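Tertiary structure, described
Here is what each chain is made of, one letter per residue.
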Amino acid sequence: MNFDFSDEQKAFGEQTRRMLDALDPIADARSTLAGQIPYSAKAWRGLARLGFQAVTIPSEHGGLGLSPLDLCTAAAEVGRSLAPVPSLSSAYVCSEAIRLFGSEAQQARWLPGIADGSIIGTWAAPERGVELMQTTVRTQFLKDSLWGAKAPVLDGVVADLAIVLAATDRAAPILTLCELNATGVHRRELESLDPSRPVAELTFEAARAEPLGTADWRAWETIQARAAVLLAFEQVGAADRALWMARDYALTRKSFGRPIGSYQAVKHKLAAVYAKNEVARAHAYYGAWAIASDADTLQLAAAGARLAATEALSFAAQENIQTHGGVGFTWESDCHLFYRRARHAALILGPTSVWKQRALTGLTEQLESTLS
Amino acid sequence: MDFEDTPAESAFRTEARAWLESATRRRGTADREDAISPPPLSERLAAARAFQRKKQEAGFAAITLPRRYGGRGGSAIEQLIYLQEEAHFENFGVVEIFGVGIGMCIPTILNNGSEEQRARYLHAAIRGDEIWCQLFSEPAGGSDVAAARTSAKQDGDSWIIEGQKTWTSGAHFSDFGIITTRTDPKAPKHRGMTVFILDMRADGVEVRPIRQMSNETDFNEVFFNGVRVPDSFRLGQVNDGWSVALSTLMHERAGIGGRSRDLGWRGLLHLANANTMNGAPASSDWRIAEKIVDSWLIEFGAQLLSARGQTALSKGQAPGPEQSILKMLKAPLLQQNAYLAMEILGESGLLTQAALGDAWREVENAWTFGAGIRIAGGTDEILRNIVAERVLGLPPDIRIDKTVPFSEVPI
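Residues numbered from 1 in each chain as written. Chains lettered and ligands numbered in written order. Predicted model: local features only at pLDDT ≥ 70, side-chain atom pairs only at ≥ 80, totals over all residues.

When helices and strands are tallied, chain A shows 11 helices and 9 strands. A compact globule built from 372 residues should have a C-alpha radius of gyration of about 21 Å, and chain A, at 21 Å, falls within 12% of that. Taken along its principal axes, the extent of the C-alpha atoms in chain A is 75 × 60 × 40 Å. When each of the 372 residues of chain A is scored for burial, the buried share is 58%. Taking as baseline every contact in chain A between residues at least 6 positions apart, the subset at least 24 positions apart corresponds to 73%. (Helix = DSSP H or I, 4+ residues; strand = E, 2+ residues; numbered from the N terminus. Rg over C-alpha atoms; globule rule 2.2 N^0.38 Å. Buried ≥ 20, exposed ≤ 12 C-beta atoms within 10 Å, placed from the backbone. Contact = placed C-beta atoms within 7 Å.)

Regarding its fold elements, chain B presents 12 helices and 10 strands. A compact globule built from 411 residues would reach a C-alpha radius of gyration of about 22 Å, and chain B, at 23 Å, matches this within 12%. With the C-alpha coordinates aligned to their principal axes, the bounding extent of chain B is approximately 75 × 50 × 45 Å. Of all 411 residues assigned to chain B, the portion counted as buried reaches 39%. Across chain B, every contact between residues at least 6 apart in sequence was considered, and the portion connecting residues at least 24 apart equals 71%.

Let's shift gears to helix 12 (residues 380-391) of chain B. All names here are of chain B. In this model, helix 12 (12 residues) spans 16 Å end to end at C-alpha, consistent with the 16 Å of a helix rising 1.5 Å per residue. Among the residues of helix 12, Leu383, Arg384, Asn385, Val387 and Ala388 are the ones counted as buried. One or two steps after helix 12, the chain reaches Gly393, where phi turns positive at roughly 70°. (Expected span 1.5 Å × (residues − 1).)

So, about the packing of helix 8 (residues 286-314) of chain B against helix 9 (residues 326-344) of chain B. Residues and elements named next belong to chain B. Following both chains from N to C, one finds helix 8 and helix 9 inclined at 155°, their axes separated by 10 Å at the closest point. If you check the angle between helix 8 and helix 9, you find them roughly antiparallel. For the crossing formed where helix 8 meets helix 9, the hand is left-handed. Mapping the contact onto sequence places Ile288, Lys291, Ser295, Ile298, Glu299, Ala302, Leu305 and Ser306 in helix 8 and Leu326, Leu329, Lys330, Leu333, Gln336, Asn337, Leu340 and Ile344 in helix 9. Of the residues belonging to the contact of helix 8 with helix 9, the class tally is 9 nonpolar, 4 polar and 3 charged. (Axes fitted to C-alpha atoms, helices over the stretch in contact; angles between N-to-C directions. Parallel < 35°, antiparallel > 145°, perpendicular 65-115°, else oblique. Left-handed = near helix turned anticlockwise from the far one by under 90°. Nonpolar A, V, L, I, M, F, W, Y, C, P; charged D, E, K, R; others polar.)

The N-to-C vectors of helix 8 (residues 264-292) of chain A and helix 12 of chain B enclose an angle of 85°; their axes lie 8 Å apart at closest approach. As summarised for this structure, helix 8 of chain A and helix 12 of chain B are arranged roughly perpendicular, according to the angle between their axes. Here Gln264, Lys267, His268, Leu270, Ala271 and Tyr274 of chain A of helix 8 of chain A come into contact with helix 12 of chain B, specifically with Arg384, Asn385, Val387, Ala388 and Val391 of chain B. Looking at the contact of helix 8 of chain A with helix 12 of chain B, its residues break down into 6 nonpolar, 3 polar and 2 charged.

Right, let's talk about the interface of chain A and chain B for a bit. Every contact between the two is made by 37 residues of chain A and, on the other side, 37 residues of chain B. Every element with two or more residues in the side of chain A that touches chain B is listed here: helix 7 (217-252), helix 8, helix 9 (298-324) and helix 11 (352-371) of chain A. Residues belonging to the side of chain A that touches chain B are distributed by class as follows: 24 nonpolar, 8 polar and 5 charged.

Attention now goes to the nonpolar core. Counting 173 residues, the largest nonpolar core has Ala97, Ala162, Ile163, Cys178, Leu270, Ala284 and Ala305 of chain A as the members making the most contacts within it. When residues no more than four places from it in sequence are discounted, the contact partners of Ala305 of chain A are Ala228, Val229, Ala232, His283, Ala284, Tyr286 and Gly287 of chain A. (Core = buried A, V, L, I, M, F, W, Y, C linked by C-beta atoms within 7 Å.)

Residue and element names in this part refer to chain A. Burial analysis of strand 5 (residues 174-179) places 5 of its 6 residues in the buried class, which makes it a mostly covered element. Where strand 4 (residues 161-166) and strand 5 come together, 6 bridges link them in antiparallel fashion. Bridge assignment links Ala166 to a residue of strand 5, and that residue is Ile174. Relative to strand 7 (residues 199-216), strand 5 is paired through 4 bridges, and the arrangement is antiparallel. Residue Thr176 lies in a different strand from strand 7, and its bridge partner there is Pro211. (Pairing = 2+ DSSP bridges.)

Residues and elements named next belong to chain B. Here helix 5 (residues 115-126) is 12 residues long and its end C-alpha atoms lie 17 Å apart, about the 16 Å a rise of 1.5 Å per residue gives. Inspection of helix 5 places Tyr121, Leu122, His123, Ala125 and Ile126 among the buried residues, and these make up the whole buried set. Phi turns positive, to about 85°, at Gly128, one or two residues after helix 5.

The next thing to look at is the confidence of the model for chain B. Should the pLDDT be low somewhere, the predicted coordinates at that spot are not to be read in detail. All names here are of chain B. Taken as a whole, chain B shows an average pLDDT of 92; of its residues, 95% reach a score of 70 or greater. Within chain B, strand 5 (residues 193-199) carries the highest mean pLDDT (98), whereas helix 6 (residues 241-250) carries the lowest (88). With a pTM of 0.94, the predicted complex shows an ipTM of 0.96. (pLDDT = per-residue confidence, 0-100.)

Turning our eyes to something else, we now look at unusual backbone geometry. Following Ala151 of chain A, the chain continues into Pro152 of chain A via a peptide bond in cis, with omega recorded as -5°. Of note, the phi angle at Asn215 of chain B is positive, near 70°, even though the residue is not glycine. Tracing the backbone through its elements, the reader meets Asn215 of chain B in the loop between strand 6 (205-209) and strand 7 (219-230). Residues other than glycine seldom take positive phi values, yet Asn278 of chain B does so here, at roughly 55°. Here Asn278 of chain B is to be found in the loop between strand 9 (276-277) and strand 10 (280-281). Accessibility expressed as a C-beta count within 10 Å gives 9 for Asn278 of chain B, which makes it exposed.

Residues and elements named next belong to chain A. For Ala115, the position within the fold is in helix 6 (residues 104-115). C-beta crowding within 10 Å serves as the criterion here: with 25 such atoms nearby, Ala115 is assigned to the buried category. Taking C-alpha positions, Ala115 is 47 Å from Ile260, a pair spaced 145 residues apart along the chain. Setting aside residues up to four positions removed in sequence, Ala115 forms contacts with Gln53, Ala54, Ile57, His61, Gly62 and Gly63.

Next up on the list: the pairing of strand 2 (residues 151-155) of chain B. In the sheet, strand 2 of chain B pairs with strand 3 (residues 158-169) of chain B via 5 bridges, with the strands oriented antiparallel. Note on strand 3 of chain B: the bridge partner recorded for Lys153 of chain B is Ile160 of chain B.

Residue and element names in this part refer to chain A. Structurally, the position occupied by Ala290 is in helix 8. Overall, Ala290 belongs to the buried group, with 22 C-beta atoms counted inside 10 Å. When the C-alpha positions of Ala290 and Ala301 are compared, they lie 6.6 Å apart, and in sequence the two are 11 residues distant. Apart from the residues lying within four places of it in its own chain, the contact partners of Ala290 are Ala295, Thr297, Leu298, Ala301 and Ala302.

Here it is in structure tokens:
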């Protein structure tokens, strides 16, 4: 039994934490709130210097040729820091989609730039006003061109390319790869609950695109599940930070003559936050194992990681505000930055209801396999 | 990251499994943890003692205990691996009967006892010759272990014990107990306690069974009327009993918190597949299905947390603080699972196994045991305090009784 990260993996997390701490990414997150910057270029470059974007990319394409497992500890630190960087869009989704499903030419064309952080990728799957399902994709891929509209697209304003889910004349939708600076692509920024993770609407009018290898809906679900695990690490990192913010405040803030952290109403609540965080961390670890070992239970493991992490960050962020009292409700407090990130992370890769459905499917399969 | 044994662990697991195959039989799927009509206590005790002796002779009875006291001198990870393997086999109730003694009393004597005491008691307990219980809780103090009012007064080279303990598991079949007593009522509560070994057959010890809400009797009230205990039975220094008691409690929570065959998500999903709601399997109704997924999240999360603890042990490290939440997670879950199972059956959910069949006993047990396990071995509330204070470093509760003489603390 070695249900833990290696010393090297832990060291990568610590290195990432030191780098991000020195940059004060919360200040950058506030700048995104004020609309001054779309993301933190300096944090993104700092991550590139550590090899964050290159971890899973093969060495022949300028990467480190490691496993997504080697990215998890750093992902937790990105979450903890609240750094406004396109980690989810570029590193967890787009990069992995091209690496796992792209043709050799597509990998050679895009992965080196993604690896050094100079190219930012994203994905464009959901469409407004309709639940994202295999049968509901309206964006069309016809004769090498995309037609339709996608929103919300994470980092859609700054991204250089996107993996676009599109219907074809065949039965099921496929994944396509589209350069976003091409003619026929229009970008419009949409206001996000969490401006440190900005979103856009992308409109395609005969925009040139190509199929991403032979990737179909099933490939999309795989990409989504793998990214959900890495996002879960970000959520757990942020939830930890929110918990310790609340704890630190509860030690210093006094009411009725003593620290509020000495009242059981506060102590027991923070103990409950801790418990949810630890359950989420355990599920995230299992998700990491499932990705690294290509386990049959990947969808169930990813659902567990995503559901537990979403629950943990939602609870930690809301109770962090509550513990801070009136101060927690102010713009000046950092509490709302975590509250924003919590909702954004809960929705961006699909809502809880979708992942509970996947979990039930996985549990049903597991029960049937033990009964048969 | 993996879930594999190291070569040494794998070899130990094979050895343990091979021994279990030879010494007992694998549990079948039809076996239930709690037999519907259990054999008489005397028969159960005889079977447990016989299996415990075989375990001890094979070196599996107290794996981490030094060899000179009858243990194996093994590691914590070996202990865990053995228990994982034993869970698949008929073990004749040894956990219920010897768990308190070997899990709590024996480590307490090992850590606090004299060499004579260790030599006298450890081996006999591990062999199953002598059964132990823990006499801490009193009518006026369960969570508040340091509030013991049972008194011990010195009389020559012995002590006279007066008072009452309660919630004592297994007192009715125990040979010895570890008891907390008040030896200096003028001192503050934590500084006037002394711990003794108590012969449960001494004159003046009276055990009365407590009938639980489940209609079972696992624990007891124990009364002491002028019970004489030699000073050689004292554990640790006079009035230093609190530190001895703490060392016992440290071993308690590790052993409590859900049994392997408790009602879990598998049982719930199976039930939901087999029963209909709105004319379709209940598992396709999201009012039910969502609760099953939520239950799995906690159950499997707790299992993964245990795997993290096992990893630490495997590396020869102490398990992390996250292990302290396991009981806090699992105990309330059991109650919730029972409610959900009953909900799936609709009105019929209010019937008992007498009408619904033997398998329903699992649900009834979860319902009653779930309520009890949230209290036993540290209530949910005490556990939250422990996490808040020891893990998060929040201030202790204000205690008005901590510095005043115990005799002045209001009852």
